[in-house]
Amino acid sequence: MNLTQEDWISQYEADENSVILDVRTEDEYNDGIIENAINIDIHMGQGFISELESLDKNKNYYVYCRSGARSAKACEIMNELGFENAYNLLGGIIEWNGDIVAP
C-alpha cells in the first residue's frame, strides 16, 4: 500500500508494532537513514528474499528507498511472501521532510 509522507509518518507513529525498512544499497543507507530503519538491499536477489523470510510477519513494515520505486516493488514481494502490512513511502527519502540520521 502506497502512503503519502504525512500518512506514512502518522500511521507509523501511532503503530506500536512497526518496523522501518530501508531497501536501498548499503552505500545509500550509509549516506543517511530515517531513524531506526533496518537495511535489507532489494538488489541482493535471493538474499533479499531470505532476509525478508527471517522477519516477523506479524509486524507492520514501513518501507522506503530513494524515490519510492524499489520500495513499492519490495512491498509487492513482501505481500507475496505473506506480509499483510507493508507500506510504501511515496517519493522515497529524496522527498522526505523529516530528520535523516547516520546509521
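Conventions we followed
- In every chain, residue numbers begin from 1 and rise along the written sequence.
- pLDDT decides what is reported in this predicted model: residues at 70 or higher carry local features, side-chain atom pairs at 80 or more are listed and counted, and totals for whole chains, interfaces and linings draw on all residues regardless.
- Here the side-chain values reflect all heavy atoms present in the structure, with hydrogen atoms and water set aside.
- Between 30 and 60 degrees the pair is tilted, below 30 it is stacked and above 60 it is edge-to-face, where a pair is any two Phe, Tyr or Trp rings, Trp via its six-membered ring, whose centres lie within 6.5 Å.
- Helix and strand labels come from DSSP, where a helix needs a run of H or I of at least four residues and a strand needs a run of E of at least two; each type is numbered from the N terminus.
- Note on exposure labels: buried denotes an accessible area under 20% of the residue type's maximum, exposed denotes more than 50%, and partly exposed covers the range between, all computed with a 1.4 Å probe on protein chains only.
- Counting as a charge over the ring demands two things of the Lys NZ or Arg CZ atom: a distance within 6 Å of the ring centre and an angle within 35 degrees of the ring normal.
- The method works on a 1 Å grid over the protein atoms by themselves. A cavity is a set of points holding a 1.4 Å probe that cannot get out, a pocket is an open set with protein on both sides within 12 Å along at least five of seven lines, and residues with an atom within 4 Å of a point line them.
- Grid points are joined across faces, edges and corners, and a volume is the space filled by probe spheres set on the points.
- Throughout this entry, Asp, Glu, Lys and Arg are counted as charged residues, while Ala, Val, Leu, Ile, Met, Phe, Trp, Tyr, Cys and Pro are counted as nonpolar. The remaining residues, Gly among them, count as polar.
- Any two strands are treated as partners once DSSP identifies two or more bridges connecting them.
- Pairs of residues are marked as contacts when any of their non-hydrogen atoms sit within 4.5 Å.
- The axes used here are C-alpha line fits, helices contributing only the stretch in contact, and every angle between their N-to-C directions lies in the interval 0 to 180 degrees.
- A helix is expected to span 1.5 Å for every residue after the first.
- What the arc describes is the spread of directions from the helix axis to the C-beta atoms.

(A) Representation of the packing of aromatic side chains within the structure. Under the defined criterion, the tally for this structure stands at seven aromatic pairs. When the ring of W8 is compared with that of Y64, the centres are 6.4 Å apart and the planes differ by 90 degrees; the resulting orientation is edge-to-face. Linking W8 in helix α1 (residues 5-14) with Y64 in strand β4 (residues 60-64), this pair joins segments that are 56 residues apart in sequence. Classification of Y64 as buried rests on a relative accessible area of 0%. Between W8 and W96 the ring centres are 5.6 Å apart and the planes differ by 85 degrees, which places this aromatic pair in the edge-to-face class. Of this pair, W8 sits in helix α1 while W96 sits in the segment after β5 (86-89); the two residues are 88 residues apart in sequence, bridging distant segments of the chain. A single burial state applies to W8 and to W96, both of which are buried. Aromatic ring contacts, followed pair by pair, group W8, Y12, Y62, Y64, Y87 and W96 into a single cluster. A cation over an aromatic ring shows up here: K57 above the ring of F83, its NZ or CZ 5.5 Å from the ring centre.

(B) Highlighting the layout of surface pockets. Computed from the structure, the largest pocket encloses a volume of approximately 190 Å³. Taken together, W8, I9, Y12, E13, I20, I34, E35, N36, W96, G98 and D99 make up the lining of the largest pocket. Considering every element that reaches the lining of the largest pocket, the biggest residue donor is α1, with four residues. Among the residues forming the lining of the largest pocket, the class breakdown is six nonpolar, two polar and three charged.

(C) View of the sheet that holds strand β2 (residues 18-22). Taken in spatial order, the five strands of this open sheet run β1-β5-β4-β2-β3, and their pairing is parallel. Each end of this open sheet is capped by a strand with a single partner; those strands are β1 (2-3) and β3 (38-39). Pairing analysis gives two bridges linking β1 to β5, with the strands arranged parallel. The partner of N2 across the bridge, within β5, is N88. Helix-sheet contacts for helix α4 (residues 69-80) involve β1, β2, β4 and β5, and the interaxial angle to β5 is about 175 degrees.

(D) Quick peek at unusual backbone geometry. The backbone of N36 shows a phi angle near 75 degrees, a positive value even though the residue is not glycine. The exposure class of N36 is exposed, given its relative accessible area of 57%.

(E) Highlighting α4. Over its twelve residues, α4 runs 17 Å from end to end, which matches the ideal 16 Å to within 8%, given 1.5 Å per residue. The set of residues buried in α4 consists of R70, S71, A74, C75, I77 and M78. The arc enclosing the buried residues of α4, seen along the axis, measures out at 165 degrees, which places them on a common side. α4 presents A69 and E80 as exposed residues on the side facing more than 90 degrees away from its buried surface.

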